2 protein chains.
Amino acid sequence: GVAPAVHAQAAIRWRLASSFPKSLDTIFGAAEVFSKAVKEMSGGKFEVSVHAAGELMPAFGVVDGVQNGTVEMAHTAPYYFFGKNEAFAIGGAIPFGMNSRQLTAWIVDGNGGKLMREFYAKYSIVNFLGGNTGAQMGGWFRKEIKSPADIKGLKFRIGGFAGKVIERMGGVPQNIPGGEIYQALEKGTIDAAEWIGPYDDQKLGFNKVAPFYYYPGWWEGSLNLEFYVNQKALNGLSAENKAIVQAAAYEAHVTTQARYDARNPGALKQLVAAKTKVLPFPQSVLDASFQASMDLYGDLEKSNPDWKKIYDDYRNFQRDEILWFRFAEGRFDSFMSSKKL
Amino acid sequence: GVAPAVHAQAAIRWRLASSFPKSLDTIFGAAEVFSKAVKEMSGGKFEVSVHAAGELMPAFGVVDGVQNGTVEMAHTAPYYFFGKNEAFAIGGAIPFGMNSRQLTAWIVDGNGGKLMREFYAKYSIVNFLGGNTGAQMGGWFRKEIKSPADIKGLKFRIGGFAGKVIERMGGVPQNIPGGEIYQALEKGTIDAAEWIGPYDDQKLGFNKVAPFYYYPGWWEGSLNLEFYVNQKALNGLSAENKAIVQAAAYEAHVTTQARYDARNPGALKQLVAAKTKVLPFPQSVLDASFQASMDLYGDLEKSNPDWKKIYDDYRNFQRDEILWFRFAEGRFDSFMSSKKL
């Protein structure tokens, strides 16, 4: 007989702090997919426990937590941390940024992966792909938005970096956790709130207190979520486990995008059946938002060398992607949307 | 001191037969990404050697090879095997089918994964995602295509299942390996040839012998490549190695789509600089092709119960996806393509 395996290596137990509540099965679920894959691939010798926002640290405390080594890793939306450095947002979502496939391509096969990792090294973080929501909706409004003038004075719950553009347009960005948005909208403490898309939004019932549901969420043409791993913790892993972390992140990335894409259509149909008024932002509002975003980026090019270095590459890549997507991809999609199947 | 690890489990050596030549770094590379990830995650205890088309068996022999257990796995384009059963094509690409994100969503979070695995079980195959090319180009034509009448008699090199639609439109589909297309176009043995997209096409130099480059490739709004694993070989793996196979496939899936998306734009720009005439198929040609495809699917619903079972679900899913993609995703993309960055 063959002797049973003797494992010289101690079991590894990591903690992952999520910036999201358990109720968001889509986005919180990305960390669960990751954790399950790591456990299975390692035969239970490497386990990552997943903790919802607030359980170990506040939702917006996870970068500090990973940097300090309080937890080995986090799952979050990079733009939450624009206050530390605006460049965080580039790898997550910036207004009028890249769509899901374009952004993943920049990170995986363009210079994005290298540039963002150089940047994250300052925070002792190594980042991995952690899912994408796809293009988000523009959110829930108590009143119709007919022109850029309607943004002035608008108290708008909007997450992260995009608030800087809303401010430039005369709006008043509000930072309110997901669980408190409904009441704020109902009471009129805020005039509007964006969250994610039909599937996640429907669960929070916003359509009951704000009937106008606008699209697109121009500040999140896609939102790339990320896993942040403490550099020292990652260095301490065997080569096998490092590869396992990477592949598990890819599994979470595909699964999360697929869940959004598969679950949003049914939720949108139900919202429409419940009399939600689904409206496009007027062209004038999109144009003014685009201009305000480009002005902001122009200022950041001057004030933030990290932004300049990363965004210059991002923008060149995006320009080429948009050109290419107009051909096969864009024409195919537009033809299909003109046909009855 | 701690005793060194003793591995009771013998090393695992698998062979993977690809349907593609090594020169296609994009599509052939998917199997290399898979193999590298498996080796790294297992610390070299599980190795998958990757063999180009023809090395162990012909490109189109890989389903037989996996079914018979000649090789443990393959990497291929499912529609090559429509002659065995048209339902193979559904999980790969069918004319006017789903785009890349939609198809991945159907497989990962819709019923597609379950339905296709039930189908593949008849061939002792378990399938895994293996990359997507995104929407392909419509290929290279020696003469302009102005109406559906120009398809009649057209000798068109086109891969797999889509030839059945070309036939219905009066064209003459040709099955020619990639390496022989250039010469056939040059000599005029064929009138047109589709391959993949700018990056792969450019390497073969088709623009020198057929100046008109049409879009979109309506028969491949996306092409989902797949890894096929012999059921018995998979069953023989430990739970750890089964999970490693799955995660490595996800890694290959993301990496391959990213490579196509990142590399196509530059190649398209170079082709245009080399005087390639990039043209959209006329609306009348797309309309006629769409109708011929729907007629074919109507016939298959009656003649092939596997097709009916799988395609009914696929089509319902696709209908909902197209509806949803018109909102946030479609409006965002169309706005971005109207702006100068």
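See above for the structure.
The notes below deal with the structure included here. Since this is a predicted model, take the numbers as computed values, not measurements.

1. Topic: empty space enclosed by the protein
Line of reasoning, step 1. If you walk through the whole model with that rule in mind, you get five cavities of 30 Å³ or more.
Line of reasoning, step 2. Here the largest cavity defines a volume of roughly 270 Å³.
Line of reasoning, step 3. Considering the residues around the largest cavity, the lining is formed by 19 residues, among which Arg101(A), His253(A), Gln257(A), Arg101(B) and Gln257(B) are closest to the centre.
Line of reasoning, step 4. When residues of the lining of the largest cavity are traced back to their parent elements, those giving at least two are helix H3 (100-108) and helix H9 (239-273) of chain A together with helix H3 (100-108) and helix H9 (239-273) of chain B.
Line of reasoning, step 5. Partitioning the lining of the largest cavity into residue classes produces five nonpolar, 10 polar and four charged.
Line of reasoning, step 6. Space inside the second largest cavity adds up to approximately 110 Å³.
Line of reasoning, step 7. Lining of the second largest cavity is provided by 14 residues; of these, Phe20(B), Tyr79(B), Tyr80(B), Trp195(B) and Ile196(B) occupy positions nearest its centre.

2. Comments concerning the relation of the copies chain B and chain A
Line of reasoning, step 1. Note on the copies: chain B fits chain A at an RMSD of 0.0 Å, the axial shift is 0.0 Å, and the rotation between them is 180°. The relationship between the two copies is best expressed as a two-fold rotation axis.
Line of reasoning, step 2. With an isologous cut-off of 70% or more, the 100% of interface residues of chain B that recur at the interface of chain A puts this contact in the isologous class.

3. Brief notes about the sheet that holds strand S6 (residues 155-157) of chain B
Residues and elements named next belong to chain B.
Line of reasoning, step 1. If you trace the six strands from one edge of the open sheet to the other, you get S7-S6-S8-S5-S9-S11, paired in mixed fashion. Each of the sheet's edge strands pairs with one partner strand only, and the pair in question is strand S7 (172-174) and strand S11 (277-280).
Line of reasoning, step 2. The pairing of S6 with S7 spans three bridges and is parallel. When the bridges of S7 are listed, Phe156 appears paired with Pro173.

4. What to know about the interface of chain B and chain A
Line of reasoning, step 1. Each partner contributes residues to the interface: chain B has 79 residues there, and chain A has 79 residues.
Line of reasoning, step 2. Interface of chain B and chain A: buried area, both sides summed, is about 7,100 Å²; carbon and sulfur atoms make up 69% of it.
Line of reasoning, step 3. Sorting the residues of chain B by area buried against chain A places Trp324(B), Phe332(B) and Leu341(B) first, and these three jointly supply 12% of that buried surface.
Line of reasoning, step 4. Joining chain B to chain A, the criterion identifies eight salt bridges.
Line of reasoning, step 5. For the pair chain B and chain A, the interface holds 20 residue pairs in polar contact (both at pLDDT 80 or more).

5. What to know about the pattern of salt bridges
Line of reasoning, step 1. Enumeration according to the criterion identifies 38 salt bridges over all chains in this entry.
Line of reasoning, step 2. Of the charged contacts, one joins Glu118(A) and Lys114(A) as a salt bridge, the two residues approaching to 3.2 Å between their closest N and O atoms. In this pair, Glu118(A) and Lys114(A) are both assigned in helix H4 (residues 112-121), four residues apart and thus about one turn of the helix distant.
Line of reasoning, step 3. Between Glu194(A) and Arg157(A) there is a salt bridge, and its shortest N-O distance comes to 3.2 Å. Separated by 37 residues along the polypeptide, Glu194(A) in the loop between strand S8 (192-193) and helix H7 (198-204) and Arg157(A) in strand S6 (residues 155-157) bring together distant segments of the chain.
Line of reasoning, step 4. Members of the salt-bridge network, linked through shared partners, are Asp25(A), Lys203(A), Arg263(A) and Asp109(B).

Calculation notes
Residues numbered from 1 in each chain as written. Chains lettered and ligands numbered in written order. Predicted model: local features only at pLDDT ≥ 70, side-chain atom pairs only at ≥ 80, totals over all residues. Heavy atoms only, no water. 1 Å grid on protein atoms, 1.4 Å probe; cavity = no way out; pocket = protein on both sides within 12 Å on 5 of 7 lines; lining within 4 Å. Points joined across faces, edges and corners; volume = space filled by probe spheres on them. Helix = DSSP H or I, 4+ residues; strand = E, 2+ residues; numbered from the N terminus. Nonpolar A, V, L, I, M, F, W, Y, C, P; charged D, E, K, R; others polar. Least-squares fit on C-alpha atoms with pLDDT ≥ 70 in both. Contact = heavy atoms within 4.5 Å. Pairing = 2+ DSSP bridges. Buried area = accessible area lost by both parts, 1.4 Å probe. Salt bridge = Lys/Arg side-chain N within 4 Å of Asp/Glu carboxyl O. Polar contact = N/O pair within 3.5 Å; in protein donor to acceptor, adjacent residues only side chain to side chain.

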